[in-house]
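Each chain is listed here by its residues.
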Amino acid sequence: MNFTHSEDRQMLADTFGRHLDQQYTIDVRHRISGSPEGWSRERWLGMADLGIIGALFDERSGGYGGSGFDLAVVFEQLGRSLVVEPFLGSLMAGQALAKAGCRSDLLAQLIAGETALAFASEEPQSRYDLASLTTQAQPAQAQHDHGTWTLSGRKSVIPQLEAASHAVVSARLGKDSAGLFLVELGKPGAVVSGYKMVDGGRGGDLTLDRASATLLTDNALPLLEEITAAGIVALSWEAVGVMDVLKKSTLDYLRTRKQFGIPIGKFQALQHRIVNVAIEIEQARSAAINAAAALAGPRAARERAVSAAKYTVGRAGTIAAEESIQMHGGIGMSWELPLSHYAKRALMIGHQLGDEDHHLSRFISLAVTG
Amino acid sequence: MNFTHSEDRQMLADTFGRHLDQQYTIDVRHRISGSPEGWSRERWLGMADLGIIGALFDERSGGYGGSGFDLAVVFEQLGRSLVVEPFLGSLMAGQALAKAGCRSDLLAQLIAGETALAFASEEPQSRYDLASLTTQAQPAQAQHDHGTWTLSGRKSVIPQLEAASHAVVSARLGKDSAGLFLVELGKPGAVVSGYKMVDGGRGGDLTLDRASATLLTDNALPLLEEITAAGIVALSWEAVGVMDVLKKSTLDYLRTRKQFGIPIGKFQALQHRIVNVAIEIEQARSAAINAAAALAGPRAARERAVSAAKYTVGRAGTIAAEESIQMHGGIGMSWELPLSHYAKRALMIGHQLGDEDHHLSRFISLAVTG
Amino acid sequence: MDLTFTPAEEAFRAEVRAFLEQNLPSMLAEKIRTAQRLSKSDHEQWHAILNQRGWLAVHWPVEHGGTGWSIEQSYIFEDELSRAHAPGVVAFGPSMLGPVLIKYGSEAQKRYWLPRILDGSDWWCQGYSEPGAGSDLASLKTSAVRDGDHYIVNGQKTWTTLGQHANMIFCLVRTSSEGRKQEGISFLLIDMKTPGIEVRPIILLDGEHEVNEIFFTNVKVPVENLVGTENKGWTYAKYLLTYERTGIAGVSRSIAALKELRRIAQAQLRNGKPLTEDPLFAARMARVDIDLRNMVTTNLRVLLASGDGAAPLEMGAMLKIRGTEIRQEITRLARIALGPQAQPFCTPEGITAQYLNYRKLSIFGGSNEVQREIISKSLLEM
Amino acid sequence: MDLTFTPAEEAFRAEVRAFLEQNLPSMLAEKIRTAQRLSKSDHEQWHAILNQRGWLAVHWPVEHGGTGWSIEQSYIFEDELSRAHAPGVVAFGPSMLGPVLIKYGSEAQKRYWLPRILDGSDWWCQGYSEPGAGSDLASLKTSAVRDGDHYIVNGQKTWTTLGQHANMIFCLVRTSSEGRKQEGISFLLIDMKTPGIEVRPIILLDGEHEVNEIFFTNVKVPVENLVGTENKGWTYAKYLLTYERTGIAGVSRSIAALKELRRIAQAQLRNGKPLTEDPLFAARMARVDIDLRNMVTTNLRVLLASGDGAAPLEMGAMLKIRGTEIRQEITRLARIALGPQAQPFCTPEGITAQYLNYRKLSIFGGSNEVQREIISKSLLEM
């Protein structure tokens with residue numbers, strides 16, 4: 001039993017952390033986040049050059065990582081610096097391609113930072129339920145066009161959709177089964193409408209009207225679950241990175257801000273509250289460790305661990321965000337202070353890939369069936 | 001709109017409060033509570049002489065009260081002094097007799113303090129569900145014995161069952177309906193087994209084996225609900241009385257107990273926690289007011305208010321009990337300090353006539369259907 | 001005890017409701033219902049409508065143009081406003097400065113300023129908080145030095161809500177550094193157009209410009225703009241804290257918000273059923289619903305016990321804490337109800353933005369921590 | 001990172017499990033499972049069984065009769081003990097005094113006292129707390145005055161767990177009132193049969209006699225019973241706080257208790273279905289289940305990071321707080337699960353009594369408030 005990262009991973013974390021500290025300061029982040037594109041192709045390339053995207057995929061797929069703890073070290077750093085670039089979608093869509101054994105060319109471009117991908121499982125009615133699909137797949141009309149399908153329907157709130165060249169999309173296949181498809185964005189019938197997101201960067205909805213698509217698998221749900229598990233491991237570690245900054249900023253503020261002539265960190269009520277926040281964060285880190293360790297394991301244990309983790313970071317993220325703002329007082333609500341942006345990210349992670357209640361209920365039913 | 005008690009009720013509260021302060025000190029209470037009987041017939045008579053039992057019933061039934069706020073003033077005082085005498089069962093069984101228009105003789109004896117009654121709705125499997133009944137009623141075999149039935153089954157955890165001469169019992173009547181019956185205890189087929197209760201005094205189970213019984217109503221559920229509502233108003237106010245003592249004792253302790261050379265009430269973390277307890281108690285008082293006011297009103301509003309109140313005092317009671325003990329430290333766990341007995345009563349009220357979860361769920365379904 | 005309203009009070013409720021049905025612009029109601037921000041002219045329009053009916057300054061005595069209403073009437077008025085999604089009154093003039101002038105102002109000040117609050121001639125903002133003086137308000141440093149017929153004001157105020165719309169500001173300023181810090185504070189009325197005043201926006205985490213920093217550099221204020229006695233400003237500021245408590249718990253607004261929440265959750269699906277039928281979400285809603293029902297009564301208990309609007313500080317503090325906790329929980333549940341749809345910045349109903357914005361409720365107006373201090377002092381008498 | 005046990009560790013687990021299957025008396029296991037109180041002889045029997053196998057003093061070095069186990073082994077051992085509902089080791093001798101003697105005791109003390117802990121000759125209790133010194137332990141007043149070859153001890157100790165069974169007590173006593181209050185404390189071993197010692201029971205809210213007050217009146221203690229140096233006792237007491245952290249979070253016991261809770265809830269009906277299927281109760285159980293799974297990892301992280309059993313004080317404090325919160329929540333849920341059946345004093349499984357008794361977990365052994373102070377000092381570095 002051992003709770004330290006391997007030397008390689010620790011080196012990656014350190015290198016990436018230093019890179020972000022220098023290249024991705026909060027001012028840079030705000031500039032990128034508020035730009036019309038909502039991300040920076042240049043930074044994306046820079047991070048790819050560092051090998052960060054490659055760390056998300058295994059050797060068979062052209063990367064050199066791809067395990068739970070590889071995602072962990074990358075996404076923890078992304079959280080620490082509030083990176084808005086399209087990592088989550090690229091991870092999930094890329095792993096879908098890798099696991100389906102399709103389009104290794106596109107995967108290679110992704111790892112080189114030459115493109116970015118999006119992952120579109122959510123629909124307006126689905127509320128985190130991967131199996132709730134109204135987007136419908138039809139075989140392409142042209143008889144000779146084997147393997148090509150058309151998709152119609154709507155996928156919603158896809159992070160950094162506009163940044164992606166392609167999206168991996170789940171859709172209903174016939175009556176009772178579901179498929180995963182690759183859709184090239186910007187082609188006829190695949191209309192992207194983008195918008196700003198609460199936590200910075202942009203998101204988008206994808207309206208499909210007989211959009212041309214390539215089938216990756218006609219048995220989507222097991223793969224969807226597996227990829228979502230990877231996404232949750234990633235988000236959990238991003239949350240840990242975000243929460244560590246929330247804690248550190250709040251501790252700094254408690255040490256320096258004076259009221260009634262003394263640092264507010266001398267007030268016992270605040271002391272006990274920051275301790276509670278710190279305990280929540282340590283428990284969240286443990287949940288993220290458990291989920292990362294279970295990612296390659298059997299389905300029942302994996303799904304229980306990822307639902308436990310997502311529930312935990314959802315809960316802890318809200319506590320850390322709300323308490324950090326409250327202990328800062330007014331200044332904690334200002335756009336100017338980085339804190340508020342970390343708080344928003346912590347909160348919004350709770351809305352991605354299933355919230356606290358969703359995963360608590362899921363944990364319960366997994367315990368019953370598993 | 002007016003939140004002060006009528007002059008009569010305030011006078012009753014004051015008189016009863018003074019009586020208990022003098023006659024029912026904590027030492028007396030412990031002696032009575034720990035006695036083989038677990039209650040005092042003499043104190044019961046004394047309180048009847050003061051008119052306390054009469055306050056629980058309306059004039060038609062030989063009393064002079066019986067409204068929600070009459071129960072309020074009596075039970076708040078009972079809570080304040082941790083009285084163990086059989087008020088709850090007598091209230092509920094007596095109101096059943098009164099509402100069914102039966103046995104005014106027994107009611108008169110009750111009001112005079114010459115007897116006490118028990119109310120038996122709970123069964124081992126029923127868990128607060130008034131309609132979950134396995135106790136079965138059969139018409140008495142003797143043809144000429146109209147109105148007499150026999151009951152078989154088991155009623156459980158009935159407060160002060162041994163103190164009662166009679167019990168009002170709910171039982172299944174045929175297949176789909178339920179009746180309320182009066183059973184004389186100590187008669188053949190009605191076997192009482194008593195035991196000590198966590199919060200003092202005694203409780204008991206009632207095993208019925210073809211016990212002779214008088215039918216009060218063959219449409220029990222509406223009446224059961226109404227009587228349970230009265231019981232919940234009573235318990236809610238008892239809880240308010242108990243919690244006020246918990247708060248006061250804890251405040252006293254915070255003022256006087258010194259650690260690190262200063263009164264622990266100077267520690268801000270404890271200050272903020274006692275404030276939270278105080279707010280919970282004020283909200284519980286409001287819930288108890290709402291329930292008392294709704295007791296005579298239409299069913300939907302009444303049931304919503306009593307479920308809201310019982311949920312609230314259940315929640316607040318646990319917080320007040322646990323926090324009071326914790327802020328006292330070790331001494332708060334000692335039998336010697338009255339505090340621990342108030343804490344136990346606050347907790348156990350949560351287990352009577354439906355707990356927090358039961359009433360929260362009930363509140364939700366009442367909102368849907370109502 | 002009696003928890004019902006009298007027939008006269010019910011008739012009054014009907015009167016208010018009828019007035020709102022006829023006079024509340026539906027565009028304003030829709031903005032409030034969907035948590036959109038009101039423009040300056042929205043506010044001015046609404047103030048004018050209320051003022052025309054004589055209902056702008058609810059808590060002022062009749063002789064100054066107020067309503068002279070009972071506590072029950074004020075409560076009913078607020079309840080109906082909330083139910084109709086009417087905007088609230090911007091508090092600074094009618095609810096904050098007005099009562100101070102009425103109690104402590106000179107005759108000339110009352111004659112001049114009070115009508116201007118009612119007719120909208122002045123938009124007031126509040127100059128209390130400073131960067132170094134948040135919860136410790138009395139440690140404020142903005143100085144006013146007497147120079148002939150003027151005070152010369154230097155310093156900085158912050159968190160000035162809607163200060164960008166205001167032409168006047170009432171300020172707490174330091175006129176003496178002797179004695180306890182509370183003792184050298186004065187209450188000054190300042191024209192925002194005076195040279196030396198600069199207003200800078202503070203953007204909040206929801207991206208909105210709601211509050212401001214205000215800088216004072218050698219700002220000349222006529223001495224007749226001093227309210228009451230020099231160095232007694234703390235007393236007037238504290239009076240405000242106890243004066244107007246009807247709204248502090250925000251129960252009416254919470255009731256309306258809970259109704260909206262239920263509508264939002266009803267429209268969301270979870271496992272194919274409305275979210276309102278999901279046991280965990282239904283339990284969350286029921287908990288805050290019950291807490292709010294209790295708070296309705298706690299609020300009325302405090303208001304009626306305190307008689308003429310001056311609630312004991314610690315009871316008001318209790319209302320502030322639990323009232324804002326309830327309000328924040330409702331916005332939190334609305335955010336949760338939206339599920340993944342809570343992420344876009346511009347949700348149709350401004351739900352996430354309002355959740356973020358309402359973090360202020362437990363910070364501004366005396367943080368909930370300060371309120372806890374007030375209560376514990378009173379409980380512990382130490 | 002690697003969250004798995006090695007094959008050797010798994011083999012060790014099998015060995016422990018087999019030992020327990022063969023040697024744990026079923027009567028003891030049943031008592032533990034149903035939260036019944038153990039008698040003195042129950043404890044003694046169990047200590048003897050463990051000692052015979054050499055597994056009584058898990059954390060002692062091998063040369064003194066300990067196991068020399070790795071952290072993983074100690075963890076596995078505790079895990080298997082809990083899973084089998086084996087009694088814990090009464091900590092005072094093996095886990096508390098033993099390590100202090102081994103580190104600070106004289107050769108003679110080690111030679112004499114350590115074997116007697118192992119073979120059960122002595123039952124130790126702990127004399128730390130005093131009526132005036134709870135959380136502020138260092139303010140203790142029980143005095144020991146040197147008089148020739150003896151100390152004369154006067155004062156009072158309290159909350160002495162199982163002191164009624166003990167023939168020996170290790171005490172913190174004041175040997176000097178100079179300097180900081182921590183500086184005049186000594187660590188003394190006292191024979192309970194010495195004249196002048198009186199033990200009085202304290203009955204707790206569950207009606208049980210578990211703790212005691214101990215009065216010392218001119219009690220003569222030979223100077224050779226001083227451990228280490230006079231006035232340095234605080235150092236030894238603090239060493240104990242960092243020494244043995246494997247068990248502080250109580251995760252193994254909580255896992256076993258959660259399993260029992262599930263069994264209890266399964267047997268209860270709500271609306272005709274097992275309580276485990278009630279959405280609100282299932283959510284309560286799942287929340288604590290997840291919290292506990294997280295704590296299993298947090299616990300191991302701390303233990304392994306701290307190497308040879310000496311965890312940083314603040315990490316141990318974190319384990320203590322959340323570990324006891326989890327344990328208390330499980331007993332709370334067991335109480336709730338029983339519904340109306342929680343009211344009789346003697347429920348078959350002692351559930352309500354255990355819930356009440358376990359309120360102590362957040363009070364004794366350094367209250368959770370004191371633990372928060374320790375953590376906040378470390379976090380804030382102030």
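Residues numbered from 1 in each chain as written. Chains lettered and ligands numbered in written order. Predicted model: local features only at pLDDT ≥ 70, side-chain atom pairs only at ≥ 80, totals over all residues. Heavy atoms only, no water.

Caption draft 1: Fine view of the overall build of chain A. Across its full length, chain A carries eleven helices and nine strands. Scaling as 2.2 N^0.38, a compact globule of 370 residues should have a C-alpha radius of gyration of about 21 Å, and chain A matches this with 21 Å. By its C-alpha atoms, chain A is 80 × 45 × 40 Å across when sized along the principal axes. (Helix = DSSP H or I, 4+ residues; strand = E, 2+ residues; numbered from the N terminus. Rg over C-alpha atoms; globule rule 2.2 N^0.38 Å.)

Caption draft 2: Local environment of the packing of aromatic side chains. Within this structure, the stated rule accounts for 42 aromatic pairs over all chains. Both rings, one in Phe5(D) and one in Tyr75(D), keep their centres 6.3 Å apart while their planes meet at 20°; by these two values the pair is stacked. Highlighted residues: Phe5(D) in the segment before α1 (7-23) and Tyr75(D) in helix α4 (residues 71-83), separated in sequence by 70 residues. Each member of the pair, Phe5(D) as well as Tyr75(D), is classed as buried. Each residue in the set Tyr104(C), Tyr112(C), Trp113(C), Trp124(C), Tyr128(C), Phe170(C), Phe187(C), Tyr236(C) and Tyr239(C) is aromatic and connected to the rest through ring pairs, giving one cluster. Residue placement shows Arg146(C) over the ring face of Tyr151(C); its charged tip is 5.9 Å from the ring centre. (Phe/Tyr/Trp six-rings, centres within 6.5 Å; stacked < 30°, edge-to-face > 60°. Buried < 20%, exposed > 50% of the residue type's maximum accessible area, 1.4 Å probe, protein only. Lys NZ or Arg CZ within 6 Å of the ring centre and 35° of its normal.)

Caption draft 3: Spatial organisation of the pattern of salt bridges. For the structure shown, the criterion picks out 120 salt bridges over all chains. The shortest N-O distance in the salt bridge between Lys248(A) and Asp252(A) comes to 3.1 Å. Taken together, the residues span about one helical turn, with Lys248(A) and Asp252(A) both in helix α7 (residues 220-256) at a distance of four residues. Across the pair Arg332(C) and Glu329(C) runs a salt bridge whose closest N-O atoms are separated by 2.3 Å. A residue pair is termed a helical-turn pair when its members lie 3 or 4 positions apart in one helix, as Arg332(C) and Glu329(C) do in helix α10 (residues 313-338) at three residues. (Salt bridge = Lys/Arg side-chain N within 4 Å of Asp/Glu carboxyl O.)

Caption draft 4: Structural context of the interface of chain A and chain C. Taken together, the 42 residues of chain A in the interface contact 44 residues of chain C. A combined buried area of about 3,600 Å² lies between chain A and chain C, and 57% of that area is made up of carbon and sulfur atoms. The largest per-residue losses of area from chain A upon contact with chain C belong to Arg127(A), Met333(A) and His351(A), which jointly make up 22% of the total buried on that side. At the junction of chain A and chain C, the tally comes to five salt bridges. (Contact = heavy atoms within 4.5 Å. Buried area = accessible area lost by both parts, 1.4 Å probe.)

Caption draft 5: Region of interest: the environment of Ile169(D). Residues and elements named next belong to chain D. Locating Ile169 in the fold gives a position in strand β4 (residues 168-174). A residue is classified by how much of its surface remains accessible, and Ile169, at 0% relative accessible area, is buried. Between the C-alpha atoms of Ile169 and Leu189, which are 20 residues apart in sequence, the distance is 5.9 Å. Beyond its immediate sequence surroundings of up to four residues, Ile169 is in contact with Trp124, Cys125, Gln126, Gly127, Thr160, Leu188, Leu189, Ile190, Met192, Ile214 and Phe216.

Caption draft 6: Structural view of the packing of helix α8 (residues 268-294) of chain B against helix α12 (residues 368-380) of chain C. At a minimum axis distance of 9 Å, the contact between α8(B) and α12(C) shows a crossing angle of 85°. The angle between α8(B) and α12(C) places the two elements in the roughly perpendicular class. Between α8(B) and α12(C), the contacting residues are Gln268(B), Gln271(B), His272(B), Ile274(B), Val275(B), Asn276(B), Ala278(B) and Ile279(B) on the first element and Glu369(C), Arg372(C), Glu373(C), Ile375(C), Ser376(C), Leu379(C) and Leu380(C) on the second. When its residues are assigned to classes, the contact of α8(B) with α12(C) shows seven nonpolar, five polar and three charged. (Axes fitted to C-alpha atoms, helices over the stretch in contact; angles between N-to-C directions. Parallel < 35°, antiparallel > 145°, perpendicular 65-115°, else oblique. Nonpolar A, V, L, I, M, F, W, Y, C, P; charged D, E, K, R; others polar.)

Caption draft 7: Quick peek at helix α3 (residues 40-52) of chain C. Residues and elements named next belong to chain C. Look at α3: 18 Å from first C-alpha to last across 13 residues, which is about the 18 Å you get at 1.5 Å a residue. Burial in α3 covers these residues: Asp42, His43, Trp46, His47, Ile49 and Leu50. Axial view of α3: buried residues confined to an arc of 160°, hence all on one face. Contacts from the buried residues of α3 go to α1 (7-23), α2 (26-33), α4 (71-83) and α5 (92-104). Just downstream of α3 lies Gly54, where phi reads positive at about 80°. (Expected span 1.5 Å × (residues − 1). Arc of directions from axis to C-beta.)

Caption draft 8: Representation of the interface of chain D and chain A in the model. Listed per partner, the contact involves 33 residues of chain D and 40 residues of chain A. Around 3,500 Å² of area is buried between chain D and chain A when both sides are counted, 65% of it from carbon and sulfur atoms. Counting across the interface, chain D meets chain A through two salt bridges. One salt bridge connects Arg301(D) with Glu282(A), and the closest N-O pair in it is separated by 2.5 Å. The tally of links from chain D across to chain A stands at 18 residue pairs in polar contact (both at pLDDT 80 or more). Elements with a contribution of two residues or more to the side of chain D that touches chain A: α9 (279-305), α10 (313-338) and α12 (368-380) of chain D. Sort the elements by how many residues they give to the side of chain D that touches chain A and α9(D) lands first, with 15 residues. Residues of the side of chain D that touches chain A, tallied by class, amount to 16 nonpolar, five polar and twelve charged. (Polar contact = N/O pair within 3.5 Å; in protein donor to acceptor, adjacent residues only side chain to side chain.)

Caption draft 9: Looking closely at the pairing of strand β7 (residues 209-222) of chain D. Residues and elements named next belong to chain D. As paired strands, strand β3 (residues 150-157) and β7 are joined by seven bridges and run antiparallel to one another. Within β7, the residue paired with Tyr151 across the bridge is Val221. The pairing of strand β6 (residues 197-203) with β7 spans seven bridges and is antiparallel. The residue bridging Ile202 from the neighbouring strand is Val211, located in β7. (Pairing = 2+ DSSP bridges.)

Caption draft 10: Spotlight on the domain arrangement of chain A. All names here are of chain A. Partitioning chain A into domains gives domain 1 (7-116), domain 2 (118-218) and domain 3 (223-369). Taking only C-alpha atoms into account, the centre of domain 1 sits 21 Å from that of domain 3. Counting from both sides, the interface comprises 20 residues of domain 1 and, opposite them, 28 residues of domain 3. Both faces combined, the contact of domain 1 with domain 3 buries some 1,900 Å², and carbon together with sulfur accounts for 77% of it. The largest share of the area that domain 1 buries against domain 3 comes from Glu76, Leu82 and Met92, three residues that together contribute 26% of it. There are two salt bridges connecting domain 1 and domain 3. A salt bridge links Lys99 to Glu226; the nearest nitrogen and oxygen atoms lie 3.1 Å apart. Summed over the shared surface of domain 1 and domain 3, the result is two residue pairs in polar contact (both at pLDDT 80 or more). When contributions to the side of domain 1 that touches domain 3 are tallied by element, the ones reaching two or more residues are α2 (26-34), α4 (68-80) and α5 (87-100). Looking at which element gives the most residues to the side of domain 1 that touches domain 3, the answer is α4, with nine residues. Class assignment for the residues of the side of domain 1 that touches domain 3 results in eleven nonpolar, five polar and four charged. (Domains from an automatic or database assignment.)

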